[in-house]
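Spelled out from the first residue to the last, the chains are:
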Amino acid sequence: MTDEAPEGLRDGPYPDDFAILDAAQVHGLGDMDPERFRSAAHAVVDAMADYLATVEGRRVLPAIEPGSLGPAFPASAPEAPEPLGTILEDLDRLVVPNATHWQHPGFLAYFATTASAPGILGEMWTATLGQNVMLWRTSPIGTELEQVVVGWLRSALGLPEGFDGLLTDTASTSTLIALAAAREAAGLRATAEGLAARVRAGTPVLYASAEAHSSIEKACMTLGLGRASLRRIPVDADYRMRVDLLAAAIAADRAAGSVPVAIVATIGTTSSTSADPVAAIAEVAAREGVWLHVDAAYAGAVALVPARRGPFAGWERADSLVVNPHKWLFTPLDASLLLSRRMETVRTAFSLVPEYLRTLDHERPVHDFAEYQPQLGRRMRALKLWMLLRYFGLEGLRRRIEEHCRLAEELASRVDAEPDFERLASVPFSTVCLRWRPAALRGREEEPAVRARLDAANERLMAAVNATGEVFLSHTRLHDRFAIRVSIGNLRTEGRHVDRAWDLLRREARALDA
Ligand SMILES: Cc1ncc(COP(=O)(O)O)c(C=O)c1O
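In short, a report on the structure. Quick caveat, the model's predicted, so the values are computed rather than measured. Sequence order as written defines the numbering, with residues in each chain counted from 1. Totals for whole chains, interfaces and linings use all residues, but because this is a predicted model, local features are given only for residues with pLDDT of at least 70 and pairs of side-chain atoms are given and counted only at 80 or more. Where side-chain values are given, they derive from all heavy atoms of the structure, hydrogens and water being excluded.

## Quick notes on the packing of helix α5 (residues 140-156) against helix α14 (residues 382-416)
Packed helices, taken two at a time, are described by the angle their axes make and the gap between the axes.
Step number 1: An axis is simply a line fitted to the C-alpha atoms; with a helix, the fit covers only the stretch in contact. Between two such axes, the angle follows the N-to-C directions and lies from 0 to 180 degrees. Each helix corresponds to a stretch of at least 4 residues labelled H or I by DSSP, and each strand to a stretch of at least 2 residues labelled E; elements are numbered beginning at the N terminus. Interaxial distance between α5 and α14 falls to 9 Å at its minimum, and their mutual angle equals 40 degrees. Taken together, α5 and α14 sit at an angle that is classed as oblique. Taken as a pair, α5 and α14 cross one another with a handedness that is left-handed. Across from L145, E146, V149, W152, L153 and A156 in α5, the residues of α14 making contact are A382, L383, L385, W386, L389, R390 and L394.
Step number 2: Class assignment of the residues belonging to the contact of α5 with α14 gives a composition of 11 nonpolar, no polar and two charged. Any angle that falls under 35 degrees is termed roughly parallel, while one over 145 is termed roughly antiparallel, one within 65 to 115 roughly perpendicular, and all others oblique. Helix crossings get a hand from a simple test, with the near helix turned counterclockwise from the far one by less than a right angle marking a left-handed crossing and a clockwise turn marking a right-handed one. Whether two residues are in contact is decided by their heavy atoms, any of which lying within 4.5 Å being enough. Charged residues are taken to be Asp, Glu, Lys and Arg, nonpolar residues to be Ala, Val, Leu, Ile, Met, Phe, Trp, Tyr, Cys and Pro, and polar residues to be all remaining types, Gly included.

Written out as structure tokens, the structure is:
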């Protein structure tokens, strides 16, 4: 394990002529010469391939102190041009070793994001074409390819044709857009009148489970609804929203004159990956006439596998939903899929077309994606998805997702069979939540002092495992207990990496004194 380039990695020197400035740098006005770009790009791609081939030999988490990297860079941008070779060598020396290696097969923290090779190739072309997919006119292929890819994903996820959508940067943005549409649908007219309308209509309220992601609350903050507008509905023992308490909360809010705006159900919560009972929640939403948004940012990918669609029952009744290809569909950041059955309402929430953005020369209406989101400029995200969907095929994606679920199930059984460890949640997808429960403290967890010791011991255990550099685990709290999460979703993770994580957990636990 090393922060340096692993053995065998060619990390330069770059070709001799990279050591000197090129003509464009010395007296040119335009870009790098295309032939120079060609040789530079070849060298960079070689380094990229070497990185991917050897990333497993690096520490997943580089051993660095916060604040120690900035001082390695000059305080101001260079006045004079610098040779390409110097820049690339600095990249090898200062950038690559100091990254947290999300591409590492031992990355089992948070939810994985893998930049697959076909996705990287797509990003390279995206950057090269430099499309801004704000209007059909500014990128006909960016617009229409996005419509194609959105349709492909919708149907692959088993959702009906009534859903349409767009690709955004993140689930946070997708949810923000969905809830802005919900705010319009609730008659708040906030798009036109802002907070003034809110005062007349009554206090808006939204509902999500206590386990819902912070992006829901952030959307409330951003949309002027306020954090106070979000009702956190308690969960059952399996971390699933209590539908009876949801219905009761809505009834109480209506009685108090508040305006229910949206219910957010989660399939695959961030902490435990629990799935809310969406079908029952959809019933409540329909009865109450409230917008239903489903956050399946992580777990949505599993809906590609028909046999595993059980937890998704009812999501086809949502008004909007989000699935992140940049989580478990091996797409380089960023790519989030927002689907809605009410795209006209989404458009009402965001459409604003000044004269300079109006498409003049078309009789036929065009689809301008900028009308459906807060930003104007947009990346061409469809290209990398189009490439990787074709490269892997749905069949290949299903096979990989199935394997991750299988690995998680296998790990869960091992945890269950190990008396010194305890599993803290069911494993509906590919994430296992566990904690160490040494014999000396077992059975005494009701004592506050013992609970605190168990929390501290598990925190130390996770730190010790991460300090090996071989794997990277992250944590959460479940039923107010420190929980270690092992989340499998990296394209490069194999059974042996999960085995290693489990071996390290047990080895480091033996070495610790709880
Ligand atoms: C359930 C869920 N929703 C939303 C998000 C936010 O995703 P993003 O980083 O794409 O905004 C996450 C992130 O992990 C998540 O787990």
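Now that the structure has been shown, we can carry on.
## Some words on the pairing of strand β9 (residues 431-436)
The side chains of a regular strand alternate between both faces of the sheet.
Step number 1: For each residue, the accessible area found with a 1.4 Å probe, counting protein chains only, is set against the maximum for its type, and the residue is called buried under 20%, exposed over 50%, and partly exposed in between. Burial of β9 is extensive: six of the six residues sit out of reach of the surface.
Step number 2: Of the two faces of β9, both are covered, the one formed by T431, C433 and R435 as well as the one formed by V432, L434 and W436.
Step number 3: Where strand β8 (residues 421-423) meets β9, three bridges bridge the pair, whose relative direction is antiparallel. Bridge pairing links F421 to W436 in β9. When DSSP finds two or more bridges between two strands, those strands count as paired.

## Brief notes about the sheet that holds strand β2 (residues 204-209)
Step number 1: Spatial strand order, β1-β7-β6-β5-β4-β2-β3: seven strands in an open sheet with mixed pairing. Of all strands in the sheet, those with a lone pairing partner are β1 (164-168) and β3 (230-233), marking the two edges. Between one strand axis and the next, the sheet turns by 20 degrees as a mean value, whatever way the strands run.
Step number 2: Two strands pair when backbone bridges link them, and β2 and β3 are joined in this way by four bridges, in the parallel orientation. Within β3, the residue paired with L206 across the bridge is L230.
Step number 3: In the packing of α5 onto the sheet, the strands contacted are β1 and β7 (336-340), and the crossing angle to β1 comes to about 110 degrees.

## Things to note about the site of the ligand
Step number 1: Around the ligand there are 13 residues in total, and A171, S172, T270, D295 and N324 lie nearest to it.
Step number 2: Taking T270, its side chain carries an N or O atom lying 2.9 Å from an oxygen atom of the ligand.
Step number 3: Here K327 contributes a side-chain N or O atom positioned 3.3 Å from an oxygen atom of the ligand.
Step number 4: Each accessible area is a Shrake-Rupley result for a 1.4 Å probe, and residues are judged covered by the shown protein chains and nothing else. Against a free-state accessible area of 390 Å², the protein chains account for coverage of 86% of the ligand.
Step number 5: Looking at the shell around the ligand, the elements with two or more residues in it are α6 (171-185) and α12 (325-328).
Step number 6: Class assignment of the residues belonging to the shell around the ligand gives a composition of three nonpolar, eight polar and two charged. One heavy atom within 4 Å of a molecule or strand makes the whole residue count as near it. Identification of polar contacts relies on pairs of N or O atoms within 3.5 Å, with a donor-acceptor requirement for protein atoms, meaning one able to donate a hydrogen and the other able to accept it, and with residues adjacent in sequence counted only if both atoms are side-chain atoms.

Interpretation in functional terms is not warranted from these geometric data alone.
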